[in-house]
Amino acid sequence: MQAINVSIDVDRRLWAQDLAGSRAHAAMLADRQIISSEAVGQILQGLDRIEAEIREGTFPFRAEFEDIHMNVEARLKELIGEAAGRLHTARSRNDQVATDFRLWVRDACDATVAMIEDLQKALLETAEAHADALMPGFTHLQPAQPVTFGHHLMAYVEMFGRDASRFSDARKRMNESPLGSAALAGSPFPIDREQTAKALGFDRPMANSLDGVSDRDFALESLAAASICAGHLSRLAEEMVIWTTPQFGFVKLSDAFSTGSSIMPQKRNPDAAELVRAKTGRINGAFVALTMVMKGLPLAYSKDMQEDKPPVFEAFDSLELALKAMAGMVRDLEPQRERMAAAAGAGFSTATDLADWLVRELNLPFREAHHVTGRAVKRAEALGVDLAQLPLQELQSLEARVTSDVYKVLTPEASCASRTSYGGTAPTQVRSQIARWKERLS
């Protein structure tokens with residue numbers, strides 16, 4: 001029974017939140033004259049001693065006391081005697097753990113937003129340095145149209161910006177205090193829940209005591225945000241893996257963010273990127289695990305909810321590692337501009353530019369221009385040349401009105417420079433978006 005019931009090895013991480021909640025609760029009990037100021041003074045002194053012991057590594061965490069709450073209460077009694085028993089007045093472990101866990105997840109969301117913003121700054125730094133570096137843009141992992149490396153990285157800045165906003169939104173919704181819900185029905189004591197909510201940085205107390213102790217949607221919402229963020233990290237990690245292959249050769253990572261082989265001395269493996277990609281499985285798994293814990297529970301509290309913390313702790317630990325590793329890789333990578341530029345023009349990537357030119361300059365309907373361009377690509381393939389090297393007479397055989405001006409749009413440089421629509425890949429647009437984000441993150 002003790003083996004399955006005990007949780008101290010997991011929830012000991014809530015010690016700071018548990019002490020904060022106890023201090024706020026004790027102060028409120030004294031202010032409402034529910035317990036004496038003398039008893040509260042002893043309780044607060046005892047809690048300070050417990051904090052010092054935990055920070056020094058001398059606190060006696062004991063399995064027989066089951067969880068962090070009972071460990072703190074037992075140690076408090078050893079330190080100050082009978083007064084320790086008064087701390088639990090008008091409080092239950094049900095609202096205590098709900099408060100502690102909510103505080104921990106709130107802190108984790110704040111820390112995650114800060115790490116996401118650091119990754120965004122790393123992406124901005126690299127994007128700004130390579131705002132005009134040509135590379136192929138892909139669809140279906142096939143060359144589609146030329147873009148710039150800065151533009152590509154800025155796509156992730158936008159994605160991670162939404163990730164940060166999801167954590168911030170989740171934080172706003174979770175910022176209500178369960179403390180004072182007691183076991184499930186509230187308390188008969190004249191407590192002041194507004195006071196404890198304010199003391200702990202909550203916007204307000206939760207309005208229903210059953211809801212206060214029984215739901216973990218705040219944790220689920222945070223895990224959902226973590227899962228989406230991990231998906232974005234995994235996509236970028238996958239591109240790092242692809243880009244560092246000799247077949248692509250778009251970027252290099254230093255020895256600081258790559259590893260060798262035990263038998264192949266030439267190898268430089270992007271292990272950090274691969275592990276970021278793998279962490280996504282743990283984070284998504286945590287969301288599924290907690291969803292399964294909560295899906296069939298009647299109101300109010302059930303011991304099943306003891307299993308809420310392991311997946312949340314593991315998910316945020318994994319996300320922290322992934323975010324820090326990715327920021328390090330982004331700052332470490334060295335783009336191979338010549339290799340990327342050469343690839344940017346491969347696969348007839350300026351075909352759309354030819355079609356656009358036919359529409360713009362010759363007033364062809366786009367669908368007709370599309371057909372003309374398709375025939376031009378086939379002719380270039382037959383001759384073994386790029387579109388920019390296709391002789392003018394060949395183009396004129398497909399559309400007689402084509403002039404030599406068409407060659408101004410058939411290079412990757414011209415293609416990128418022409419994409420000046422808002423959010424486009426033109427270096428002027430990329431630098432504009434970089435400036436906008438730098439101001440936003442400052």
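Residues numbered from 1 in each chain as written. Predicted model: local features only at pLDDT ≥ 70, side-chain atom pairs only at ≥ 80, totals over all residues. Heavy atoms only, no water.

## Some remarks on the overall build of the protein chain
Applied cut-off: Runs of H or I in DSSP of at least four residues are treated as helices and runs of E of at least two as strands, each being numbered from the N terminus. Put simply, the radius of gyration uses C-alpha atoms, and a globule should come to 2.2 Å times the residue count raised to 0.38. Here's how the labels work: a residue is buried when its accessible area is under 20% of the maximum for its type, exposed when over 50%, partly exposed in between, all with a 1.4 Å probe on protein chains only. Contacts were defined at the residue level, with two residues in contact if any of their heavy atoms lie within 4.5 Å. To be clear on the numbers: accessible area is Shrake-Rupley with a 1.4 Å probe, and residue cover counts the displayed protein chains and nothing else. Only four residue types enter the tally: Lys and Arg on the positive side, Asp and Glu on the negative side; His and the chain ends are excluded. Every charge is mapped to an atom, namely NZ of Lys, CZ of Arg, CG of Asp or CD of Glu.
When helices and strands are counted, the protein chain shows 18 helices and six strands. Compactness check: the protein chain gives a C-alpha radius of gyration of 30 Å against a globular reference of 22 Å for 442 residues, more than 25% above the reference. Here the protein chain holds 442 residues, and 49% of them are scored as buried. Counting contacts in the protein chain only where the partners sit at least 6 residues apart, residues at least 24 apart contribute 75% of the total. Counting only carbon and sulfur atoms, one obtains 52% of the accessible surface of the protein chain, whose full area is about 20,600 Å². Side chains of the protein chain carry 50 positive and 60 negative charges; the gap between the two charge centres is 2 Å.

## Quick word on the pattern of salt bridges
Where we set the bar: Criterion for a salt bridge: a side-chain nitrogen of Lys or Arg within 4 Å of a carboxyl oxygen of Asp or Glu.
Scanning the entire structure with this criterion turns up 32 salt bridges. Across the salt bridge formed by R93 and D67, the nearest N and O atoms sit 2.8 Å from each other. One end of the pair, R93, is in helix α6 (residues 93-129); the other, D67, is in the loop between α4 (37-56) and α5 (68-80), and 26 residues separate them in sequence. The salt bridge partner of R171 is D110, with a shortest N-O separation of 2.6 Å. Residue R171 is located in helix α7 (residues 149-174), and its partner D110 is located in helix α6; the two are separated by 61 residues in the primary sequence. By relative accessible area, D110 is classed as partly exposed at 33%. Through salt bridges with shared partners, a single ionic network connects R23, D48, E51 and R55.

## Observations regarding a nonpolar patch on the surface
To keep things clear, this is the line we draw: What makes a patch is a set of residues exposed beyond 30% relative accessible area and free of salt bridges, joined within 9 Å when like-charged and within 5 Å when nonpolar (Val, Leu, Ile, Met, Phe, Trp, Tyr).
A surface patch of nonpolar side chains, amounting to about 270 Å² of accessible area, comprises L184, L210 and L299. Within the secondary structure, L184 is located in the loop between β3 (176-177) and α8 (193-199). Taking the relative accessible area as the measure of exposure, L184 reaches 40% and is therefore partly exposed.

## Considerations on the packing of helix α3 (residues 15-31) against α5
Two numbers describe a pair of packed helices, the interaxial angle and the distance between the axes. Here is the rule: Think of each axis as a best-fit line through the C-alpha atoms, taken over the contacting stretch in the case of a helix, with angles from 0 to 180 degrees between the N-to-C directions. Roughly parallel means an angle under 35 degrees; roughly antiparallel, over 145; roughly perpendicular, 65 to 115; everything else is oblique. Handedness of each helix crossing follows the sense of rotation of the near helix against the far helix: counterclockwise by less than a right angle gives left-handed, clockwise gives right-handed. Gly is put with the polar residues, along with every residue not named as nonpolar or charged; the nonpolar set is Ala, Val, Leu, Ile, Met, Phe, Trp, Tyr, Cys and Pro, and the charged set is Asp, Glu, Lys and Arg.
Two numbers describe how α3 lies on α5: the axes approach to 10 Å, and their chain directions differ by 60°. The angle between α3 and α5 falls in the class oblique. As α3 packs across α5, the resulting crossing turns out to be right-handed. Here W15, D18 and L19 of α3 lie close against α5, whose contacting residues are I68, H69 and V72. Of the residues that constitute the contact of α3 with α5, the class distribution is four nonpolar, one polar and one charged.

## Section: the environment of A341
Structurally, A341 can be placed in helix α13 (residues 337-344). Relative accessible area serves as the criterion here: at 29%, A341 is assigned to the partly exposed category. In the structure, A341 is positioned 206 residues away from M135 in sequence and 5.3 Å away in space, judged by C-alpha atoms.

## Brief notes about the pairing of strand β1 (residues 134-139)
Put simply, the test is: Here, any two strands with at least 2 DSSP bridges between them count as paired.
Inspection of the sheet shows β1 paired to strand β2 (residues 142-148) by six bridges, in the antiparallel sense. Within β2, the residue paired with F138 across the bridge is P143.

## Focus on the packing of aromatic side chains
To be explicit about the condition: Note on ring pairs: Phe, Tyr and Trp rings are taken, using the six-membered ring of Trp, and paired if centres are within 6.5 Å. Classes follow the plane angle, with under 30 degrees stacked, over 60 edge-to-face and the rest tilted. Any Lys NZ or Arg CZ that is within 6 Å of a ring centre and within 35 degrees of that ring's normal is treated as a charge sitting over the ring.
Under the counting rule described, the total for this entry stands at 10 aromatic pairs. Measuring from ring centre to ring centre gives 6.1 Å for F138 and F248, while their planes differ by 50°; the resulting arrangement is tilted. One end of the pair, F138, is in strand β1; the other, F248, is in the loop between α10 (217-243) and β5 (251-252), and 110 residues separate them in sequence. A residue is classified by how much of its surface remains accessible, and F138, at 26% relative accessible area, is partly exposed. Among the aromatic residues, ring-to-ring pairing joins F101, W104, F167, F218, F313 and F316 into one connected group. Its guanidinium or amino end placed over the ring of F101, K309 lies 5.3 Å from that ring's centre, counting from NZ or CZ.

## A closer look at the side chain of N71
As a reminder, the rule being used: Two N or O atoms form a polar contact when they lie within 3.5 Å of each other; inside protein one atom must be a possible hydrogen donor and the other a possible acceptor, and for residues adjacent in sequence the pair counts only when both atoms belong to side chains.
Take N71: it is sitting in helix α5. Polar side-chain contacts of N71 include one of 2.7 Å to the backbone nitrogen of R62. Those residues within four positions of N71 in sequence are excluded, and the remaining contacts are I8, F59, P60, F61, R62, F65 and E66.

Just distances and angles here, no functional claims.
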